[in-house]
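The chain contents come next:
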Amino acid sequence: MEIIKVRNLVKRYNGLTAVDHISFSVEKGEIFGFLGPNGAGKTTTINILSTLLAPTQGEVYVNNFNVLTQKNQVRKSIGLVFQDPSLDDRLTAEENLYFHARLYHVSHSEYQKKKEEVLRLVELWDRRKDIVKTFSGGMKRRLEIARGLIHHPAVLFLDEPTLGLDPQTRSHLWDYILRLKAEKEMTIFMTTHYMNEADYCDRLIIIDYGKIVGFDTPANLKKAVGGDIIILGSPQPQQLKQELAQKYALAAKEENGTIMVEINNGKTFLPRLFEELQTQVTSVSLREPTLDDVFLHLTGRKIREEEATPLDRMRQHHFRRRR
Amino acid sequence: MEFRMTVEAAGAIWQREFIRYWRDKTRIISTMVQPLMFLAIFGTGLKSSLARGDFGLDFVQFMYPGIIAMSIMSVSFFSTISTVWDREFGFLKEILVAPISRVSITLGKILGAVTIASIQGFLLLVLAPVLKIRLHPLTFPYLLLFMIMVAFSLASLGLLIASLMKTTESFGLVMQLLIFPMFFVSGAFFPLTSVPRWMKWLAAVNPLTYGVDALRQILLFRQTPAEALYQVSLHPVSVDALFLLVFSVVIISLAALAFNKKN
Ligand SMILES: Nc1ncnc2c1ncn2[C@@H]1O[C@H](COP(=O)(O)OP(=O)(O)OP(=O)(O)O)[C@@H](O)[C@H]1O
Ligand SMILES: [Mg+2]
């Protein structure tokens, strides 16, 4: 069943096209990813899907409800973890959750049960009575995630959920997200610029400048890159390059004295290569293509893994405006 | 069902406003001290210089209802500022994306401000004995009713302005511009019975005028010569009530519309 349907969605902000004719659908129970660099249009898309922003053009259905004409039904179906902070930092952790539960008409008994479950999940149970102002950035983030789960939505939107979390919490969170999917059939729609997180997704859209540039499972997207990557170290790189070209018709790239080749089925090719190779080789490594390689392959640019500073974002946005 | 949900959501928003108010002790104290300062400075200052003789009323007693109304006004306005803050600090998104009607948001916000303002106003009644005003128990319901109505009309106005403003700064600026004229042209400091026409017109559209007028008549009833009180009063109390009611309904509808349009 398709739980999200998007047809020909466009969003313009006075002249700047943030989302540019995108269409896709999300199946119930899948983890669906939106991957793209800063300013790609991820948050804008989420805001439209969650009724916060009206599209310029296009049709959007969430849980079979139209986001323009059936706002309330859409809102009942979804949970949202915003990219930017959205807690009341003068309330305690618990009060923030309680407020949320009341807005979503969660029954008292259900709330009591859920509260403990989600607060323990994000390891804030002991801090539940503390004012949010006293929390660290990561703790606030965790609380927001807990809050988004209180009313058990059919679709959970996560806008860069793990931004600013330490690796341990991040992997806990992923365990839980995967469990939500498996046990409760919750659909999860998330954005990220962490490649390794995109790997958790069942399907993935790669978005750049508001356009879909890739849409498939992570595995298929990687396949499109052209197989595995073998990196060889050698005292005679030039000779090695020549030999690879002559014997296997492989176009090798040289980088700082190492030789890099892309090849299908690298695992079975390697033993054969070492049997037949004349040139001396001192080191070898084989890796499967990452989503980084996919992004590079599709756009010709590298996606930045690190979090951009506000200044970077500003520069980038200005840059885009001028293009 | 729909109605119950609206009430519950408004209740949640109301409760949050109240918790925030209660946690902010500095704000509570400053809003309590401000009216006292006004009473002490203006009351004693003006009493000893300007307002002597033929007035027929004790000047501090005359001012006291106006001070209560002013306190209600500033608290009502100040409380609606949370709407602007919520927008700036991102919390508004959490409210906006919830499956609740925009009306329940407007109502919750206004009721929160009304509660806080009325409590502050009611607390100021403890000063009555100090000013030698005897409070008859039967006047309490009337006083409370008018405090609530004054708070309602001003909180609605505050929310309307908050819905039109983008930043806390612009909201603060507009409020500054409004508070003082509204206060001075409300009959709190001097009777409006013999002022120039333009001031009469300003006073006539100022909800605070009606609040001060009614509170004064209720508070000073049988405390001062009836003739003198009649001299400084503008309307029968029932007319004051009617104006405040109509004003509130109109402004609250506009506020709900503006809020809806913006979000
Ligand atoms: N309210 C707005 N007014 C004008 N332009 C906007 C507004 N919101 C976003 N934009 C522009 O739309 C584009 C897409 O922004 P969006 O926030 O959707 O990006 P994103 O993919 O979420 O990026 P990030 O990874 O930095 O969060 C950007 O160029 C941004 O400048
Ligand atoms: Mg974003």
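Residues numbered from 1 in each chain as written. Chains lettered and ligands numbered in written order. Predicted model: local features only at pLDDT ≥ 70, side-chain atom pairs only at ≥ 80, totals over all residues. Heavy atoms only, no water.

Asks: What exactly am I supposed to notice about the overall build of chain A here?
Replies: Across its full length, chain A holds twelve helices and 14 strands. Here chain A, with 323 residues, has 51% of them falling under the buried criterion. Restricting the contact set of chain A to residue pairs at least 6 apart, pairs at least 24 apart contribute 69%. In chain A, which carries 46 positive and 42 negative side-chain charges, the distance between the mean positions of the two groups comes to 6 Å. (Helix = DSSP H or I, 4+ residues; strand = E, 2+ residues; numbered from the N terminus. Buried < 20%, exposed > 50% of the residue type's maximum accessible area, 1.4 Å probe, protein only. Contact = heavy atoms within 4.5 Å. Lys, Arg positive; Asp, Glu negative; His and termini not counted. Charge placed at Lys NZ, Arg CZ, Asp CG, Glu CD.)

Asks: Whenever I open this one, the pattern of salt bridges confuses me. Can you help?
Replies: Opposite charge on two side chains makes pairing possible when the charged atoms of those side chains draw close. Counted under the stated rule, the structure contains 26 salt bridges over all chains. The salt bridge involving Asp130(A) is made with Arg127(A); its shortest N-O contact spans 2.5 Å. Residue classification places Asp130(A) among the partly exposed positions, given a relative accessible area of 27%. Three or more residues are tied together by salt bridges with common partners; here these are Asp88(A), Arg16(B), Glu17(B), Arg20(B), Asp86(B) and Lys109(B). (Salt bridge = Lys/Arg side-chain N within 4 Å of Asp/Glu carboxyl O.)

Asks: Looking at this model, I keep getting lost on the packing of aromatic side chains. Mind explaining?
Replies: Aromatic ring pairs are reported here in terms of the distance separating the ring centres and the angle at which the planes meet. All chains considered together, the criterion is met by 23 aromatic pairs over all chains. Ring centres of Phe38(B) and Phe183(B) lie 5.8 Å apart, and the angle between their planes is 90°; this geometry places the pair in the edge-to-face category. Pair noted here: Phe38(B) is in helix α2 (residues 25–49) and Phe183(B) is in helix α7 (residues 168–184), with a separation of 145 residues, a long-range link. Neither residue differs from the other here; Phe38(B) and Phe183(B) are each classed as buried. Ring pairing ties together the aromatic residues Phe24(A), Phe32(A), Phe34(A), Phe157(A), Phe189(A) and Phe215(A), which thus form one cluster. (Phe/Tyr/Trp six-rings, centres within 6.5 Å; stacked < 30°, edge-to-face > 60°.)

Asks: Where do I start with the interface of chain A and chain B in this structure?
Replies: For interface size, the figure often reported is the accessible area lost on association. Counting from both sides, the interface comprises 27 residues of chain A and, opposite them, 25 residues of chain B. At the boundary of chain A with chain B, total buried surface from both sides reaches about 2500 Å², with 58% on carbon and sulfur atoms. Linking chain A to chain B there are five salt bridges. The salt bridge involving Arg90(A) is made with Asp24(B); its shortest N-O contact spans 3.7 Å. (Buried area = accessible area lost by both parts, 1.4 Å probe.)

Asks: Would you explain the domain arrangement of chain A in this entry?
Replies: According to the domain assignment, chain A contains domain 1 (2–221) and domain 2 (226–288). Inter-centroid distance (C-alpha atoms) of domain 1 of chain A to domain 2 of chain A is 43 Å. (Domains from an automatic or database assignment.)

Asks: Looking at this structure, how should I read a nonpolar patch on the surface?
Replies: Together, Leu242(B), Leu245(B), Val246(B), Val250(B), Leu254(B) and Leu257(B) give the surface a local cluster of nonpolar side chains, amounting to about 550 Å² of exposed area. For Leu257(B), the position within the fold is in helix α11 (residues 237–262). (Patch = residues over 30% accessible without salt bridge, like charges linked within 9 Å, V, L, I, M, F, W, Y side chains within 5 Å. Areas by Shrake-Rupley, 256 points an atom, 1.4 Å probe, with all protein chains shown as cover.)

Asks: Explanation requested: helix α3 (residues 93–103) of chain A in the structure shown.
Replies: An α-helical turn contains 3.6 residues, so any two residues separated by three or four positions project in the same direction. Residue and element names in this part refer to chain A. Within α3, nine of the eleven residues are buried, which leaves it mostly tucked inside the rest of the structure. Listed as buried for α3 are Ala93, Glu94, Asn96, Leu97, Phe99, His100, Ala101, Arg102 and Leu103. Among the residues trailing α3, His105 stands out with phi positive, at a value near 55°.

Asks: Whenever I open this one, unusual backbone geometry confuses me. Can you help?
Replies: Excluding glycine, residues mostly carry a negative phi; peptide bonds, for their part, are mostly trans. Residue and element names in this part refer to chain A. Unusually for a residue other than glycine, Asn8 sits at a positive phi of about 55°. As for its position among the elements, Asn8 is in strand β1 (residues 2–13). If you check the backbone angles, His21 has positive phi at about 50° while not being a glycine. Within the secondary structure layout, His21 lies in strand β2 (residues 16–27).

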